[in-house]
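# Structural overview for review
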Amino acid sequence: TVSDEFTTDVLVIGAGQSGLAVGYYLRRAGLNFVLLDDQPAPGGAWPHGWDSLRLFSPADASSLPGWLMPRPPAADSGFPTRDAVIDYLKQYEQRYELPVRRPVRVAAVRRSSGSVGGFMVETDAGTWQARAVVCATGSWRNPFVPVYPGQADFSGVQLHSAQYQQAAPFAGQRVLVVGGGNSGAQVLAEVSQVAHTTWVTEKEPRFLPDDVDGRVLFTQATQRYHALSGAAAAPPPTLGDIVMVPPVQDARGRGVLGSVRPFVRFTPTGVVWADGREESVDAVIWCTGFRPALSFLAGLGILQPDGRVATEVARATAAPGLWLVGYGTWTGFASATIIGVGRSARATTDEIKAFLALNQAPTE
Ligand code: FAD
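The model shown is predicted, which means the values in this text are computed figures rather than measured ones.

It is worth spelling out the overall build of the protein chain at this point. If you tally the helices and strands in the protein chain, you get six helices and 17 strands. Here the C-alpha radius of gyration of the protein chain, 22 Å, is about what a compact globule of 364 residues would show, namely 21 Å. C-alpha extents for the protein chain along the principal axes are approximately 70 × 45 × 45 Å. Per-residue burial over the protein chain gives 39% buried out of 364 residues.

Structural data, given as C-alpha coordinates:
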(Lines give C-alpha, C1' and ligand atoms only; values in the text may rest on other atoms or scores of the structure.)
Protein backbone atom coordinates (compact mmCIF):
# COMPACT_ATOMS: atom_id res chain seq x y z
CA THR A 1 0.00 0.00 0.00
CA VAL A 2 1.06 3.56 -0.72
CA SER A 3 0.60 6.37 1.82
CA ASP A 4 -1.59 9.37 0.97
CA GLU A 5 1.52 11.48 0.66
CA PHE A 6 2.51 9.40 -2.38
CA THR A 7 -0.94 9.24 -3.96
CA THR A 8 -2.16 11.60 -6.66
CA ASP A 9 -4.68 11.67 -9.47
CA VAL A 10 -2.22 12.82 -12.12
CA LEU A 11 1.52 12.33 -12.00
CA VAL A 12 3.64 14.28 -14.51
CA ILE A 13 7.15 12.95 -15.11
CA GLY A 14 9.49 15.79 -16.09
CA ALA A 15 9.19 19.50 -15.23
CA GLY A 16 10.79 21.12 -18.27
CA GLN A 17 8.70 23.37 -20.48
CA SER A 18 6.36 20.50 -21.45
CA GLY A 19 5.67 19.35 -17.89
CA LEU A 20 5.10 22.94 -16.78
CA ALA A 21 2.64 23.60 -19.63
CA VAL A 22 0.69 20.48 -18.62
CA GLY A 23 0.86 21.62 -14.97
CA TYR A 24 -0.60 25.00 -15.95
CA TYR A 25 -3.70 23.39 -17.46
CA LEU A 26 -4.05 20.75 -14.72
CA ARG A 27 -4.04 23.55 -12.14
CA ARG A 28 -6.63 25.48 -14.15
CA ALA A 29 -8.80 22.35 -14.35
CA GLY A 30 -8.61 22.00 -10.56
CA LEU A 31 -7.12 18.52 -10.74
CA ASN A 32 -4.97 16.91 -8.08
CA PHE A 33 -1.44 16.47 -9.50
CA VAL A 34 2.29 16.44 -8.86
CA LEU A 35 5.36 16.82 -11.11
CA LEU A 36 8.55 14.82 -10.56
CA ASP A 37 11.83 15.97 -12.08
CA ASP A 38 15.28 14.44 -11.72
CA GLN A 39 17.23 17.69 -11.97
CA PRO A 40 18.37 19.68 -8.92
CA ALA A 41 17.05 23.00 -10.33
CA PRO A 42 14.33 24.30 -12.72
CA GLY A 43 14.74 24.60 -16.48
CA GLY A 44 14.46 21.05 -17.88
CA ALA A 45 17.06 20.58 -20.62
CA TRP A 46 18.02 24.23 -20.87
CA PRO A 47 20.74 24.26 -18.17
CA HIS A 48 22.48 21.63 -20.30
CA GLY A 49 22.60 23.86 -23.38
CA TRP A 50 25.94 25.38 -24.37
CA ASP A 51 27.03 28.68 -22.82
CA SER A 52 26.28 30.92 -25.82
CA LEU A 53 22.96 29.24 -26.75
CA ARG A 54 20.09 31.57 -27.61
CA LEU A 55 16.58 30.94 -28.83
CA PHE A 56 16.19 31.52 -32.53
CA SER A 57 12.82 33.27 -32.12
CA PRO A 58 11.95 36.42 -30.17
CA ALA A 59 10.62 36.18 -26.61
CA ASP A 60 6.98 36.84 -27.45
CA ALA A 61 7.04 34.00 -30.00
CA SER A 62 8.57 31.63 -27.41
CA SER A 63 6.07 31.58 -24.58
CA LEU A 64 4.22 29.00 -22.52
CA PRO A 65 0.47 29.36 -21.87
CA GLY A 66 -0.62 32.21 -19.65
CA TRP A 67 2.47 34.36 -19.38
CA LEU A 68 4.66 35.87 -22.12
CA MET A 69 8.40 35.38 -21.83
CA PRO A 70 9.88 38.77 -20.79
CA ARG A 71 11.72 40.58 -23.61
CA PRO A 72 15.51 40.87 -23.31
CA PRO A 73 16.70 44.26 -22.00
CA ALA A 74 16.86 46.97 -24.70
CA ALA A 75 20.67 46.91 -24.60
CA ASP A 76 20.58 43.28 -25.79
CA SER A 77 19.26 43.23 -29.34
CA GLY A 78 19.48 39.45 -29.64
CA PHE A 79 16.98 36.70 -28.96
CA PRO A 80 16.59 35.33 -25.40
CA THR A 81 19.70 33.68 -23.96
CA ARG A 82 19.83 30.19 -22.44
CA ASP A 83 19.87 31.73 -18.97
CA ALA A 84 16.87 33.95 -19.75
CA VAL A 85 14.90 30.83 -20.74
CA ILE A 86 15.93 29.06 -17.52
CA ASP A 87 14.88 32.11 -15.51
CA TYR A 88 11.52 32.23 -17.32
CA LEU A 89 10.83 28.55 -16.59
CA LYS A 90 11.84 29.02 -12.95
CA GLN A 91 9.52 31.99 -12.52
CA TYR A 92 6.73 30.25 -14.43
CA GLU A 93 6.85 27.38 -11.98
CA GLN A 94 6.60 29.77 -9.02
CA ARG A 95 3.97 32.04 -10.59
CA TYR A 96 1.53 29.15 -11.07
CA GLU A 97 2.60 27.39 -7.85
CA LEU A 98 3.27 24.16 -9.70
CA PRO A 99 3.96 21.31 -7.25
CA VAL A 100 7.35 20.11 -8.51
CA ARG A 101 9.34 17.58 -6.46
CA ARG A 102 13.03 17.48 -7.33
CA PRO A 103 15.40 15.84 -7.65
CA VAL A 104 13.27 12.71 -8.04
CA ARG A 105 14.15 10.22 -10.75
CA VAL A 106 11.49 7.88 -12.12
CA ALA A 107 12.89 4.39 -12.65
CA ALA A 108 9.76 2.51 -13.76
CA VAL A 109 6.06 2.93 -14.44
CA ARG A 110 3.94 -0.17 -13.87
CA ARG A 111 0.25 -1.01 -13.86
CA SER A 112 -1.25 -1.17 -10.37
CA SER A 113 -2.58 -4.55 -9.44
CA GLY A 114 -5.86 -4.94 -7.58
CA SER A 115 -8.98 -2.82 -7.57
CA VAL A 116 -7.33 0.59 -7.38
CA GLY A 117 -6.28 0.70 -11.07
CA GLY A 118 -3.92 3.29 -12.45
CA PHE A 119 -0.15 3.14 -12.14
CA MET A 120 2.63 2.51 -9.64
CA VAL A 121 5.52 4.87 -10.36
CA GLU A 122 8.81 3.75 -8.85
CA THR A 123 11.30 6.52 -8.06
CA ASP A 124 14.52 6.95 -6.13
CA ALA A 125 12.42 8.68 -3.45
CA GLY A 126 9.60 6.18 -3.00
CA THR A 127 6.76 4.67 -5.02
CA TRP A 128 3.85 6.83 -6.17
CA GLN A 129 0.33 5.71 -6.96
CA ALA A 130 -1.39 7.69 -9.74
CA ARG A 131 -4.61 7.29 -11.72
CA ALA A 132 -3.11 8.96 -14.78
CA VAL A 133 0.50 9.55 -15.84
CA VAL A 134 1.91 12.15 -18.24
CA CYS A 135 5.42 11.60 -19.60
CA ALA A 136 7.14 14.94 -20.33
CA THR A 137 10.74 13.80 -20.11
CA GLY A 138 12.02 15.34 -23.33
CA SER A 139 15.07 13.83 -24.95
CA TRP A 140 18.26 15.46 -23.69
CA ARG A 141 19.03 12.40 -21.55
CA ASN A 142 19.09 10.27 -24.68
CA PRO A 143 21.50 11.80 -27.22
CA PHE A 144 21.69 9.94 -30.53
CA VAL A 145 25.10 9.10 -32.00
CA PRO A 146 25.28 7.20 -35.31
CA VAL A 147 27.50 4.12 -35.48
CA TYR A 148 30.55 4.04 -37.75
CA PRO A 149 33.06 1.20 -38.27
CA GLY A 150 36.17 1.63 -36.14
CA GLN A 151 34.50 4.15 -33.84
CA ALA A 152 35.46 2.39 -30.61
CA ASP A 153 39.15 2.46 -31.56
CA PHE A 154 39.22 6.18 -32.36
CA SER A 155 41.53 7.72 -29.77
CA GLY A 156 40.33 11.32 -30.18
CA VAL A 157 37.55 13.05 -28.28
CA GLN A 158 33.91 12.31 -29.13
CA LEU A 159 31.29 14.59 -27.71
CA HIS A 160 27.56 15.00 -28.35
CA SER A 161 26.11 18.51 -28.61
CA ALA A 162 24.23 17.63 -25.38
CA GLN A 163 27.61 17.80 -23.59
CA TYR A 164 29.12 20.67 -25.58
CA GLN A 165 29.65 23.80 -23.44
CA GLN A 166 32.10 26.09 -25.25
CA ALA A 167 34.80 26.17 -27.92
CA ALA A 168 37.86 26.83 -25.73
CA PRO A 169 38.85 23.15 -25.15
CA PHE A 170 39.14 22.69 -28.94
CA ALA A 171 41.56 25.57 -29.54
CA GLY A 172 44.08 24.70 -32.27
CA GLN A 173 42.55 21.25 -32.90
CA ARG A 174 41.20 19.55 -36.03
CA VAL A 175 37.49 19.09 -35.34
CA LEU A 176 34.68 17.42 -37.27
CA VAL A 177 31.23 18.82 -36.54
CA VAL A 178 28.68 16.21 -37.66
CA GLY A 179 25.03 17.08 -38.31
CA GLY A 180 23.22 19.44 -40.67
CA GLY A 181 20.65 21.00 -38.37
CA ASN A 182 20.63 24.17 -36.35
CA SER A 183 22.76 22.70 -33.56
CA GLY A 184 25.42 21.64 -36.08
CA ALA A 185 25.47 25.08 -37.71
CA GLN A 186 25.71 26.92 -34.40
CA VAL A 187 28.38 24.67 -32.86
CA LEU A 188 30.38 24.88 -36.10
CA ALA A 189 30.08 28.69 -36.08
CA GLU A 190 31.54 28.84 -32.58
CA VAL A 191 34.22 26.14 -32.76
CA SER A 192 35.51 27.41 -36.12
CA GLN A 193 36.65 30.58 -34.37
CA VAL A 194 39.36 28.66 -32.52
CA ALA A 195 39.83 25.36 -34.36
CA HIS A 196 40.26 23.94 -37.85
CA THR A 197 36.75 22.60 -38.53
CA THR A 198 35.08 20.42 -41.15
CA TRP A 199 31.29 20.32 -41.25
CA VAL A 200 29.96 16.83 -42.07
CA THR A 201 26.33 16.61 -43.19
CA GLU A 202 24.25 13.90 -44.87
CA LYS A 203 23.02 16.38 -47.48
CA GLU A 204 23.83 19.93 -48.46
CA PRO A 205 22.41 22.06 -45.60
CA ARG A 206 19.51 24.35 -46.50
CA PHE A 207 19.90 27.86 -45.15
CA LEU A 208 16.95 30.17 -44.53
CA PRO A 209 17.13 33.75 -45.82
CA ASP A 210 19.00 36.08 -43.45
CA ASP A 211 15.94 38.16 -42.64
CA VAL A 212 13.75 35.41 -41.16
CA ASP A 213 13.99 33.77 -37.73
CA GLY A 214 12.77 30.55 -36.12
CA ARG A 215 9.14 31.66 -36.47
CA VAL A 216 9.34 30.72 -40.15
CA LEU A 217 10.16 27.10 -39.20
CA PHE A 218 6.96 27.05 -37.16
CA THR A 219 4.95 28.54 -40.05
CA GLN A 220 6.46 26.08 -42.54
CA ALA A 221 5.71 23.17 -40.24
CA THR A 222 2.13 24.42 -39.76
CA GLN A 223 1.56 24.63 -43.51
CA ARG A 224 2.97 21.15 -44.09
CA TYR A 225 0.95 19.75 -41.20
CA HIS A 226 -2.30 21.12 -42.62
CA ALA A 227 -1.39 19.90 -46.09
CA LEU A 228 -0.59 16.39 -44.89
CA SER A 229 -3.76 16.23 -42.80
CA GLY A 230 -5.77 16.94 -45.92
CA ALA A 231 -6.74 20.57 -45.35
CA ALA A 232 -4.69 21.81 -48.34
CA ALA A 233 -3.85 20.42 -51.77
CA ALA A 234 -0.12 19.62 -51.43
CA PRO A 235 2.59 20.37 -48.88
CA PRO A 236 4.29 23.62 -49.90
CA PRO A 237 8.07 23.48 -50.41
CA THR A 238 10.02 24.59 -47.34
CA LEU A 239 12.33 27.61 -47.47
CA GLY A 240 15.15 25.89 -45.59
CA ASP A 241 16.08 24.50 -42.17
CA ILE A 242 18.93 26.56 -40.77
CA VAL A 243 18.20 29.88 -39.14
CA MET A 244 20.90 32.42 -40.01
CA VAL A 245 21.45 33.66 -36.47
CA PRO A 246 24.27 36.26 -36.28
CA PRO A 247 27.04 33.76 -35.33
CA VAL A 248 26.12 31.58 -38.35
CA GLN A 249 26.15 34.63 -40.64
CA ASP A 250 29.55 35.48 -39.20
CA ALA A 251 30.79 31.94 -39.97
CA ARG A 252 29.61 32.34 -43.56
CA GLY A 253 31.54 35.62 -43.73
CA ARG A 254 34.68 33.77 -42.59
CA GLY A 255 34.15 31.16 -45.32
CA VAL A 256 33.82 28.19 -42.93
CA LEU A 257 30.20 27.24 -43.62
CA GLY A 258 30.93 24.77 -46.42
CA SER A 259 30.10 21.12 -45.77
CA VAL A 260 31.16 17.66 -46.93
CA ARG A 261 29.32 14.33 -47.04
CA PRO A 262 30.02 11.75 -44.30
CA PHE A 263 33.22 9.73 -43.89
CA VAL A 264 32.99 5.94 -44.16
CA ARG A 265 34.90 4.81 -41.09
CA PHE A 266 37.16 5.80 -38.24
CA THR A 267 40.84 4.98 -37.86
CA PRO A 268 42.58 5.15 -34.46
CA THR A 269 43.68 8.71 -35.27
CA GLY A 270 41.03 10.06 -37.63
CA VAL A 271 38.63 9.15 -40.41
CA VAL A 272 38.58 7.74 -43.95
CA TRP A 273 36.49 9.65 -46.52
CA ALA A 274 34.44 8.04 -49.32
CA ASP A 275 37.27 8.65 -51.85
CA GLY A 276 39.70 6.64 -49.66
CA ARG A 277 41.58 9.66 -48.33
CA GLU A 278 42.61 9.39 -44.65
CA GLU A 279 42.59 12.44 -42.41
CA SER A 280 43.81 12.97 -38.86
CA VAL A 281 41.22 14.35 -36.49
CA ASP A 282 41.45 15.38 -32.84
CA ALA A 283 37.76 15.58 -31.98
CA VAL A 284 34.30 14.81 -33.33
CA ILE A 285 31.28 16.77 -32.10
CA TRP A 286 28.06 14.87 -32.83
CA CYS A 287 25.18 17.27 -33.48
CA THR A 288 23.00 14.36 -34.50
CA GLY A 289 19.93 14.84 -32.41
CA PHE A 290 18.14 12.97 -29.68
CA ARG A 291 15.70 10.13 -29.05
CA PRO A 292 12.84 10.20 -26.51
CA ALA A 293 13.91 9.48 -22.89
CA LEU A 294 11.26 6.86 -22.09
CA SER A 295 13.14 3.76 -20.91
CA PHE A 296 11.20 3.81 -17.63
CA LEU A 297 8.15 2.63 -19.63
CA ALA A 298 9.84 -0.68 -20.57
CA GLY A 299 7.82 -2.63 -17.96
CA LEU A 300 4.54 -1.66 -19.64
CA GLY A 301 5.60 -3.48 -22.80
CA ILE A 302 4.64 -0.56 -25.06
CA LEU A 303 8.07 0.77 -26.13
CA GLN A 304 8.75 0.42 -29.86
CA PRO A 305 12.24 -0.33 -31.26
CA ASP A 306 12.68 3.37 -32.14
CA GLY A 307 12.09 4.32 -28.49
CA ARG A 308 8.65 5.75 -29.17
CA VAL A 309 5.19 4.61 -28.04
CA ALA A 310 2.11 4.21 -30.24
CA THR A 311 -0.09 7.26 -29.65
CA GLU A 312 -3.25 8.93 -30.82
CA VAL A 313 -1.73 12.41 -30.69
CA ALA A 314 -0.53 12.41 -27.04
CA ARG A 315 -2.58 9.50 -25.68
CA ALA A 316 -0.80 6.14 -25.49
CA THR A 317 -3.17 3.85 -27.37
CA ALA A 318 -2.10 0.62 -25.63
CA ALA A 319 -2.00 2.02 -22.08
CA PRO A 320 -5.19 3.77 -20.94
CA GLY A 321 -4.34 6.57 -18.50
CA LEU A 322 -0.93 7.36 -20.03
CA TRP A 323 -0.05 10.44 -22.12
CA LEU A 324 3.18 11.69 -23.72
CA VAL A 325 3.71 15.41 -24.23
CA GLY A 326 6.47 17.43 -25.87
CA TYR A 327 8.37 14.84 -27.91
CA GLY A 328 7.72 16.43 -31.31
CA THR A 329 5.02 16.22 -33.91
CA TRP A 330 4.35 12.51 -33.30
CA THR A 331 2.87 13.47 -29.89
CA GLY A 332 1.29 16.78 -30.92
CA PHE A 333 2.04 19.28 -33.61
CA ALA A 334 5.27 21.26 -32.89
CA SER A 335 5.11 20.03 -29.31
CA ALA A 336 8.91 20.07 -28.86
CA THR A 337 8.93 23.87 -29.01
CA ILE A 338 8.12 26.33 -26.25
CA ILE A 339 5.36 27.97 -28.24
CA GLY A 340 3.95 24.71 -29.61
CA VAL A 341 3.66 22.64 -26.45
CA GLY A 342 0.83 24.68 -24.94
CA ARG A 343 -1.67 23.33 -27.44
CA SER A 344 -0.71 19.69 -26.71
CA ALA A 345 -0.79 20.36 -22.98
CA ARG A 346 -4.31 21.80 -23.13
CA ALA A 347 -5.69 18.98 -25.29
CA THR A 348 -4.03 16.39 -23.02
CA THR A 349 -5.54 17.95 -19.91
CA ASP A 350 -9.02 17.86 -21.50
CA GLU A 351 -8.54 14.15 -22.24
CA ILE A 352 -7.28 13.46 -18.70
CA LYS A 353 -10.27 15.23 -17.20
CA ALA A 354 -12.64 13.08 -19.24
CA PHE A 355 -10.67 9.93 -18.39
CA LEU A 356 -10.73 10.61 -14.64
CA ALA A 357 -14.45 11.36 -14.74
CA LEU A 358 -15.11 8.03 -16.46
CA ASN A 359 -12.76 6.08 -14.18
CA GLN A 360 -13.80 7.24 -10.73
CA ALA A 361 -11.53 6.17 -7.85
CA PRO A 362 -13.13 3.38 -5.84
CA THR A 363 -14.62 4.64 -2.54
CA GLU A 364 -12.75 3.48 0.54
P1 FAD B 1 13.13 18.82 -21.24
O2 FAD B 1 13.42 20.26 -21.28
O3 FAD B 1 14.22 17.86 -21.57
O4 FAD B 1 12.55 18.50 -19.78
C5 FAD B 1 12.31 17.18 -19.35
C6 FAD B 1 12.68 17.07 -17.90
O7 FAD B 1 12.40 15.73 -17.46
C8 FAD B 1 14.18 17.30 -17.65
O9 FAD B 1 14.38 18.06 -16.48
C10 FAD B 1 14.71 15.88 -17.48
O11 FAD B 1 15.91 15.81 -16.75
C12 FAD B 1 13.53 15.24 -16.77
N13 FAD B 1 13.54 13.77 -16.82
C14 FAD B 1 13.93 12.97 -17.85
N15 FAD B 1 13.81 11.67 -17.50
C16 FAD B 1 13.33 11.66 -16.22
C17 FAD B 1 13.00 10.62 -15.30
N18 FAD B 1 13.14 9.33 -15.62
N19 FAD B 1 12.55 10.96 -14.06
C20 FAD B 1 12.39 12.27 -13.71
N21 FAD B 1 12.70 13.30 -14.56
C22 FAD B 1 13.14 12.98 -15.79
N23 FAD B 1 12.72 25.26 -28.90
C24 FAD B 1 12.16 26.48 -29.18
O25 FAD B 1 10.94 26.61 -29.02
N26 FAD B 1 12.94 27.52 -29.61
C27 FAD B 1 14.29 27.42 -29.76
O28 FAD B 1 14.96 28.37 -30.15
C29 FAD B 1 14.91 26.14 -29.45
N30 FAD B 1 16.24 25.97 -29.54
C31 FAD B 1 16.80 24.78 -29.21
C32 FAD B 1 18.18 24.61 -29.28
C33 FAD B 1 18.77 23.41 -28.95
C34 FAD B 1 20.26 23.26 -29.06
C35 FAD B 1 17.96 22.32 -28.52
C36 FAD B 1 18.57 20.98 -28.16
C37 FAD B 1 16.58 22.47 -28.44
C38 FAD B 1 15.99 23.69 -28.79
N39 FAD B 1 14.61 23.84 -28.73
C40 FAD B 1 14.06 25.08 -29.02
C41 FAD B 1 13.71 22.67 -28.47
C42 FAD B 1 13.06 22.52 -27.12
O43 FAD B 1 12.74 23.77 -26.57
C44 FAD B 1 13.79 21.64 -26.11
O45 FAD B 1 14.13 20.42 -26.68
C46 FAD B 1 13.00 21.46 -24.81
O47 FAD B 1 13.96 21.39 -23.80
C48 FAD B 1 12.04 20.28 -24.67
O49 FAD B 1 11.29 20.48 -23.46
P50 FAD B 1 10.67 19.30 -22.62
O51 FAD B 1 10.03 19.91 -21.42
O52 FAD B 1 9.83 18.44 -23.51
O53 FAD B 1 11.92 18.42 -22.21
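For the rest of this paragraph, the subject is the site of the ligand. Residues in contact with the ligand amount to 34 residues; listed here are only the nearest, Gly14, Gly16, Gly44, Gly138 and Gly326. If you tally residues by element for the shell around the ligand, the top one is helix 1 (residues 17-28), at three residues. In terms of residue class, the shell around the ligand is built from 14 nonpolar, 16 polar and four charged.

We now examine the environment of Val194. Its location among the elements puts Val194 in the loop between helix 3 (182-191) and strand 9 (196-200). A C-alpha to C-alpha distance of 8.1 Å links Val194 and Gln173, two positions 21 residues apart in sequence. Here Val194 is in contact with Ala167, Ala168, Phe170 and Ala171, once residues within four sequence places are set aside.

Of note, the amide linkage connecting Arg102 to Pro103 takes the cis form, showing an omega dihedral of -10 degrees. Here Pro103 lies in the loop between strand 3 (100-101) and strand 4 (106-111). One non-glycine residue, Val313, lies in the positive phi region at around 55 degrees. Residue placement: Val313 occurs in the loop between strand 15 (311-312) and strand 16 (315-316). You will see that Ala334, though not glycine, has its phi angle at about 55 degrees, which is positive. Counting through the fold element by element, Ala334 comes out in the loop between strand 17 (322-324) and helix 6 (341-358).

Before going further, it helps to examine the nonpolar core. As a rule of thumb, nonpolar side chains are buried together in soluble globular proteins. Counting 89 residues, the largest nonpolar core has Leu11, Val133, Val134, Val177 and Ile285 as its most contacted members. Not counting residues within four places of it along the chain, the set of residues in contact with Val133 comprises Leu11, Ile13, Val109, Phe119, Val121, Gly321 and Leu322.

Let us look at the pairing of strand 8 (residues 174-178). Most of strand 8 is tucked away, with four of its five residues classed as buried. By the bridge criterion, five bridges tie strand 8 to strand 9 in an arrangement that is parallel. Following the sheet pairing, Leu176 is matched in strand 9 by Thr198. Here strand 8 runs beside strand 14 (residues 283-286); their pairing, made up of four bridges, is parallel. Residue Val175 lies in a different strand from strand 14, and its bridge partner there is Ala283.

The interhelical angle for the contact between helix 3 and helix 5 (residues 246-253), taken along N-to-C directions, is 60 degrees, at an axis separation of 9 Å. In terms of their interaxial angle, helix 3 and helix 5 are classed as oblique. Here helix 3 and helix 5 pass one another in a crossing that is left-handed. In this structure, helix 3 uses Ala185, Gln186, Leu188, Ala189 and Glu190 to contact helix 5, whose residues at the interface are Pro247, Val248, Asp250 and Ala251.

Strand order in the open sheet formed by three strands is 11-12-13, and the pairing between neighbours is antiparallel. Two strands in the sheet have a free side with no partner beyond their single neighbour: strand 11 (265-267) and strand 13 (278-280). Put simply, the sheet's adjacent strands are angled 30 degrees from each other on average, direction ignored. Here strand 11 pairs with strand 12 (residues 270-272) via three bridges, running antiparallel. In the strand pairing of strand 12, Thr267 is matched with Gly270.

With that settled, the discussion passes to the confidence of the model for the protein chain. Looking at the protein chain as a whole, its pLDDT mean stands at 93, while 95% of the residues score no less than 70. In the predicted assembly, ipTM is 0.98 and pTM is 0.93.

Taking 1.5 Å of rise per residue, the 18 residues of helix 6 would be expected to cover 26 Å, and the 26 Å separating its terminal C-alpha atoms lies within 8% of that figure. Among the residues making up helix 6, those that are buried are Val341, Gly342, Ser344, Ala345, Thr348, Thr349 and Ile352. Projection of helix 6 onto a plane perpendicular to its axis shows the buried side chains occupying an angular sector of 150 degrees, all on one side. Opposite its buried face, helix 6 presents the exposed residues Asp350, Ala354, Ala357 and Leu358, each directed more than 90 degrees away. Against strand 1 (7-13), helix 1, strand 6 (126-135) and strand 17 lie the buried residues of helix 6.

Let us look at the sheet that holds strand 9. In space, the five strands of this open sheet follow the order 7-14-8-9-10, with parallel pairing throughout. A strand with exactly one partner marks an edge of an open sheet, and here the two such strands are strand 7 (157-160) and strand 10 (259-260). Against the sheet, helix 3 contacts strand 8, strand 9 and strand 14, and its axis sits at roughly 165 degrees relative to strand 8.

Cut-off values and rules
Residues numbered from 1 in each chain as written. Predicted model: local features only at pLDDT ≥ 70, side-chain atom pairs only at ≥ 80, totals over all residues. Helix = DSSP H or I, 4+ residues; strand = E, 2+ residues; numbered from the N terminus. Rg over C-alpha atoms; globule rule 2.2 N^0.38 Å. Buried ≥ 20, exposed ≤ 12 C-beta atoms within 10 Å, placed from the backbone. Near = placed C-beta within 6 Å. Nonpolar A, V, L, I, M, F, W, Y, C, P; charged D, E, K, R; others polar. Contact = placed C-beta atoms within 7 Å. Core = buried A, V, L, I, M, F, W, Y, C linked by C-beta atoms within 7 Å. Pairing = 2+ DSSP bridges. Axes fitted to C-alpha atoms, helices over the stretch in contact; angles between N-to-C directions. Parallel < 35°, antiparallel > 145°, perpendicular 65-115°, else oblique. Left-handed = near helix turned anticlockwise from the far one by under 90°. pLDDT = per-residue confidence, 0-100. Expected span 1.5 Å × (residues − 1). Arc of directions from axis to C-beta.

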